[in-house]
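# Coordinates in review
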Amino acid sequence: MQEQQLCLEEYIAFIKDFTFGVKHYHYLKGNQKIEISFLKAESHPITIDIPDNCFYQVSGNNVDGFIITTWG
């Protein structure tokens, strides 16, 4: 958000263009690769595949889905 100079609402709209499993927002911090994507909430349970060799975080966006961040 800081690097793109976005407020929270702008960031949520921005990240929705990066659908989980289709297109990720790639970011490098030092030598660490970070990928961020959006997954729309569904009325039924959803299972997602995350590689074993990375850390991840799933955060609700308080609107209509989840922001998924992986650190590889």
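Shown above is the structure to which this text applies.
Keep in mind that this is a model prediction, so the values were computed, not measured.

Our next topic: the pattern of salt bridges. Taken as a whole and assessed by the stated rule, the structure comprises three salt bridges. Between aspartate 64 and lysine 16 there is a salt bridge whose closest N-O contact spans 2.9 Å. With aspartate 64 in the loop between strand 3 (55-60) and strand 4 (65-71) and lysine 16 in the loop between helix 1 (8-15) and strand 1 (25-29), this residue pair connects regions lying 48 residues apart in the sequence. Note on aspartate 64: relative accessible area 22%, which makes it partly exposed. Owing to a relative accessible area of 30%, lysine 16 belongs among the partly exposed residues under this scheme. Across the salt bridge formed by glutamate 35 and lysine 33, the nearest N and O atoms sit 3.2 Å from each other. Shared partners join several salt bridges into a network, and the residues in it are Lys16, Lys40 and Asp64.

With that settled, consider unusual backbone geometry. A positive phi angle, near 55 degrees, is found at glutamine 5, a position not held by glycine. Position of glutamine 5 relative to the elements: it lies in the segment before helix 1. Judged by its relative accessible area of 71%, glutamine 5 falls in the exposed class. Backbone geometry at asparagine 62 places phi at a positive 65 degrees, although glycine is not the residue there.

Next up on the list: the environment of cysteine 7. Its place among the elements puts cysteine 7 in the segment before helix 1. As for cysteine 7 and threonine 19, which are separated by twelve residues in sequence, their C-alpha atoms are 20 Å apart.

Now for the sheet that holds strand 4. Ordered in space as 1-2-4-3, the four strands form an open sheet in which the pairing is antiparallel. One side of each edge strand has no neighbouring strand; the edge strands of this open sheet are strand 1 and strand 3. Pairs of neighbouring strands in the sheet enclose a mean axial angle of 20 degrees, with direction left out of account. The sheet contacts of helix 1 involve strand 1, strand 2 (32-40) and strand 4, and relative to strand 2 the element is tilted by about 85 degrees.

Once that is clear, we can look at the environment of asparagine 62. As for its position among the elements, asparagine 62 is in the loop between strand 3 and strand 4. As a C-alpha pair, asparagine 62 and isoleucine 12 span 50 residues in sequence and 9.8 Å in three-dimensional space.

Here strand 4 lies mainly inside the structure; five of its seven residues are buried. Two elements, strand 2 and strand 4, share seven bridges in a ladder whose sense is antiparallel. When the sheet's bridge partners are listed, isoleucine 34 is paired in strand 4 with tryptophan 71. Counting the residues between successive antiparallel strands, the hairpin from strand 3 to strand 4 contains four residues, one of them, asparagine 62, with a positive phi of roughly 65 degrees.

Scoring rules and cut-offs
- Residues numbered from 1 in each chain as written.
- Predicted model: local features only at pLDDT ≥ 70, side-chain atom pairs only at ≥ 80, totals over all residues.
- Heavy atoms only, no water.
- Salt bridge = Lys/Arg side-chain N within 4 Å of Asp/Glu carboxyl O.
- Helix = DSSP H or I, 4+ residues; strand = E, 2+ residues; numbered from the N terminus.
- Buried < 20%, exposed > 50% of the residue type's maximum accessible area, 1.4 Å probe, protein only.
- Pairing = 2+ DSSP bridges.
- Axes fitted to C-alpha atoms, helices over the stretch in contact; angles between N-to-C directions.
- Contact = heavy atoms within 4.5 Å.

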